[in-house]
Amino acid sequence: MEELTVVGKPVTRVDADEKVTGEAVYGYDLVLPNMLYGKVLFSPKAHARIKRIDTEKAKKYPGVVAVITGKDAPWIHGESIRDKPFLAQDKVRYIGEPVAAVAAVDEDTAQAAARLIEVEYEDLPVYVNPEDACKAGAVAIHENFASYRKMESITPGTQPNVCEHFKLRTGDVEKGFRESDLVLEERYTVPIIQHAAMEPHSAHAEVDPASGRVTIWVANDAPFRALHEISEALDLPKEKIRFINPLQGGGFGSKGGLKVEPIAVALAFHTNGRPVRVKFNREETFISTLTRHGAIVRVKSGVKKDGSLRAREMTLYWGGGAYAEKSPTVCIRGSLPAPGPYRIPHVKVDGYAVYTNAPVAGSYRGYGIPQGAWAVEQHTDELAKRLGIDPLAFRMKNVFVDGDLSYWGEQLHSVGLKETLTKAAEAIEWGQKGSRVEGSKGLRVGKGIACISKPTRTPTTSSAGVIVNARGEATVLAGTVEIGQGCNTILSQVAAEELKLPIEKVRMAPLDTDAIPFDASTTSSRSTYHMGNAVRGAAIDARDKLAEMAAPMLEAKKEEIAFADGKVFLKNHPEMALTVGEVVRRKLGAEGTVRGDASYTYQIAKDLDLETGHSDHASAFYMYATQAAEVAVDEETGRARLLRMSAAHDVGKAINPLNCVAQIEGGLAMGIGSALHEHLVVDENGKVRNPSFLDYHLVTSLDLPEMISIIVECAEPEGPYGAKGLGEPGLAPTPAAIGNAVADAIDVRVYDLPLSPERIYWAMQQKKKKTAA
């Protein structure tokens with residue numbers, strides 16, 4: 001490979017200036033001409049039949065243009081399962097479900113009118129815990145589930161309210177337990193948490209009365225998938241729908257699929273061509289958009305005295321909330337690698353995605369990996385402890401290496417896991433006593449480590465275009481959404497590298513589904529790999545066309561042409577050169593452009609077998625990471641204070657090392673928050689008790705320790721320049737690493753997140769009681 005000039009360099013983000021100066025306009029700030037304002041009446045009931053809705057008072061309120069209910073918007077949508085109405089129809093399934101909506105001349109008027117809508121309910125049984133919701137005799141939350149359209153890969157369970165039952169079967173776990181010297185069984189829980197993106201949810205919609213065309217302005221991380229979902233729901237051709245993506249102020253998985261969009265669209269059908277904006281405040285975002293799955297994880301393992309893992313059996317209950325959303329695929333993708341990145345001959349996993357009457361759960365950074373890792377990585381430490389083996393040595397003995405056959409039947413390659421373990425451990429001086437802590441009386445210091453592997457969504461497609469103009473500038477057309485992860489910079493680097501242009505000469509085109517080639521989604525840490533390959537191919541295509549055009553101008557063959565520093569020249573006579581812009585201008589005129597196009601799809605050899613969970617190629621690539629923590633626990637209060645954390649991530653190839661470090665640090669901060677603070681409290685009646693930042697504790701700079709980011713490069717052959725993904729793993733092993741450090745410090749394990757001072761304190765007290773007894 002020739003020397004890289006832009007890729008692999010720590011380039012400053014291409015969108016830095018507009019964001020730090022406030023010039024950037026986000027979806028939440030967007031104002032359209034002649035715009036109306038929409039507000040929503042939400043259900044106060046977690047599970048109830050709607051007996052009557054009276055909208056007359058609202059319709060008569062001055063300034064109101066439209067008042068609608070489910071009868072006015074009789075559409076159903078859903079990605080994995082088509083089960084969710086635009087507005088509640090006949091019944092409500094969670095507190096916060098949209099029941100009716102108002103469009104008015106301003107937001108206050110719309111809100112006042114919404115409060116005048118009267119609804120009479122008939123209560124039904126409420127299920128918040130997924131284990132309760134799928135017990136025999138539980139009332140069905142979706143009576144018509146059997147008739148819903150479902151993805152082919154979905155296997156509904158036989159128990160009540162189970163919308164997906166994932167199964168993995170390898171070997172014979174009972175035989176494995178019999179062969180083991182130690183068998184350990186434990187139960188762990190992970191609470192519901194909220195994405196808490198800086199920008200709450202909003203959407204604008206307009207329906208053209210003449211053509212019937214629907215235009216939606218929304219910060220959605222998968223506009224083409226959203227377009228498909230709306231098209232299916234409305235039974236409209238895709239050509240009749242257009243998505244325009246303004247800038248997005250974070251998402252972390254919450255802004256895929258349809259959240260506010262259906263309400264804005266439903267209202268827009270009743271406003272005679274005037275656009276409608278619906279935006280949620282923080283509380284509405286908390287209760288009515290999306291959460292991360294709470295999970296109950298049972299894990300049982302058998303191991304030999306020498307530390308060799310023989311068998312692992314897991315049961316995972318994923319609390320899906322009132323509608324399926326992405327629960328079935330989170331269940332599949334989260335349960336498959338849940339037993340951890342280990343060589344285990346006998347494995348059995350059952351994952352259940354369960355409807356409940358809690359707020360809807362769906363994708364969240366990590367896509368099910370953090371829940372499994374919290375359980376398995378602590379459980380693995382406990383096995384090592386009981387065998388008297390160092391937890392790092394235990395992992396080094398069992399983790400995947402190149403050439404291993406995984407327990408789902410895939411031969412692995414490009415596995416950088418051992419290097420991440422070694423480097424993360426070294427960074428916190430593993431094996432040495434804990435750091436000295438100022439004022440250390442009553443403080444107990446411990447260290448912990450945890451590792452993960454994560455697949456990406458496969459197969460998926462990304463397409464891209466690259467346009468070079470007569471000024472020697474390139475415009476990249478890509479459907480990847482800049483959600484704060486830095487993709488615009490990465491893709492600009494790729495285009496600049498292949499065209500040999502200064503990165504300042506490359507810009508990203510605005511994302512509009514009428515103009516941009518198809519992309520599956522900005523999810524699953526897939527963009528650098530998939531869209532990176534597509535943009536690279538499109539840039540190479542454009543470069544080839546430029547070379548063909550330049551060859552006669554330089555009186556040479558195409559093969560004799562080279563590119564560098566924005567110029568086209570002869571390899572053996574560099575002084576014979578033209579600028580890229582000059583080539584375009586001479587051939588096509590001052591307004592001419594050259595366009596390159598490419599598409600990338602990683603074709604899966606065989607999808608997961610629904611009975612065994614096996615596949616000989618379940619993912620285009622795998623991400624590997626290890627994090628290690630050092631904590632100090634206050635014996636008097638139970639408070640765990642992080643002293644330092646290391647995070648070693650196998651990224652394949654760091655296209656932008658500066659961006660990689662930022663991704664790792666951002667993920668680490670989120671992971672620390674989910675470990676120590678975050679918990680969306682849903683009571684037994686399905687009501688969220690802390691729907692604001694007043695009571696929902698996010699991590700702040702004051703909570704963060706010294707963070708040591710480590711980049712490991714184990715090249716992925718098909719990735720652009722060897723790159724894999726990175727966005728999601730940053731938070732996946734964090735809670736388990738901290739949990740293991742806490743257990744090391746206090747010599748007792750805490751099984752439930754978050755690791756609040758109360759939980760740690762009472763765990764220490766119970767241990768004292770047992771010791772005294």
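All of the points below concern the structure found in this document. Quick caveat, the model's predicted, so the values are computed rather than measured.

1. Some thoughts on the environment of Glu 548
(1) Moving on: Its location among the elements puts Glu 548 in helix 14 (residues 527-553).
(2) Moving on: In this structure, the C-alpha to C-alpha distance between Glu 548 and Glu 559, residues 11 residues apart in sequence, is 9.1 Å.

2. Remarks on the sheet that holds strand 26 (residues 561-564)
(1) Moving on: With respect to topology, 3 strands assemble into an open sheet ordered 26-27-28, the strand pairing being antiparallel. Each edge of the open sheet is held by one strand with a lone partner, namely strand 26 and strand 28 (573-579). For this sheet the average axis-to-axis angle between neighbouring strands, irrespective of direction, equals 35°.
(2) Moving on: Note: strand 26 against strand 27 (residues 567-570), 4 bridges, orientation antiparallel. By the bridge assignment for strand 27, Phe 563 is matched with Val 568.

3. Looking at the layout of surface pockets
(1) Moving on: A volume near 450 Å³ is recorded for the second largest pocket.
(2) Moving on: In terms of lining, the second largest pocket is formed by 20 residues, of which the most central are Leu 247, Asn 488, Met 508, Ala 509 and Pro 510.
(3) Moving on: The set of elements that each furnish at least two residues to the lining of the second largest pocket consists of helix 1 (16-20), helix 13 (487-499) and strand 24 (506-508).
(4) Moving on: Among the elements that line the lining of the second largest pocket, the one with the most residues is strand 24, at 3 residues.
(5) Moving on: Looking at the lining of the second largest pocket residue by residue, the class counts come to 10 nonpolar, 5 polar and 5 charged.

4. Description of the sheet that holds strand 19 (residues 346-355)
(1) Moving on: Sheet architecture is open: 5 strands sit in the order 9-19-18-17-10, paired in mixed fashion. At either margin of the open sheet sits one strand with a lone partner, and together these are strand 9 (162-170) and strand 10 (182-190). Taking each pair of neighbouring strands and ignoring which way they run, the sheet shows an average axis angle of 5°.
(2) Moving on: Sheet analysis places strand 17 (residues 295-303) next to strand 18 (residues 309-321), joined by 9 bridges and oriented antiparallel. The residue of strand 18 that forms the bridge with Ile 296 is Tyr 317.
(3) Moving on: Each of strand 10, strand 17 and strand 18 touches helix 10 (residues 369-387); the most contacted strand, strand 10, lies at about 150° to it.

Definitions and limits used
- The residue numbering used here restarts from 1 in each chain and proceeds along that chain's sequence as written.
- Per-residue local features of the predicted model are confined to residues with pLDDT of at least 70, and side-chain atom pairs are confined, for both listing and counting, to 80 or more; whole-chain, interface and lining totals are unaffected and use all residues.
- Values shown for side chains rest on all heavy atoms present in the structure; no hydrogens or waters enter the calculation.
- Helix and strand definitions follow DSSP, with helices as H or I runs of at least four residues and strands as E runs of at least two, each counted in order from the N terminus.
- Only strands that DSSP links by at least two bridges are regarded as paired with each other.
- In this analysis, axes come from line fits to C-alpha atoms, helices being fitted only over the stretch in contact, and the angle between any two N-to-C directions falls in the range 0 to 180 degrees.
- Grid points spaced at 1 Å and placed over the protein atoms alone form the basis of the search, with a cavity being a set where a 1.4 Å probe fits but cannot get out and a pocket an open set showing protein on both sides within 12 Å along at least five of seven lines. Lining residues have an atom within 4 Å of a point.
- Grid points are joined across faces, edges and corners, and a volume is the space filled by probe spheres set on the points.
- Each residue receives one of three labels: charged for Asp, Glu, Lys and Arg, nonpolar for Ala, Val, Leu, Ile, Met, Phe, Trp, Tyr, Cys and Pro, and polar for the others, Gly being one of them.
- Should any heavy atoms of two residues lie within 4.5 Å, those residues are considered in contact.

As far as function goes, none of this settles anything; it's purely spatial.
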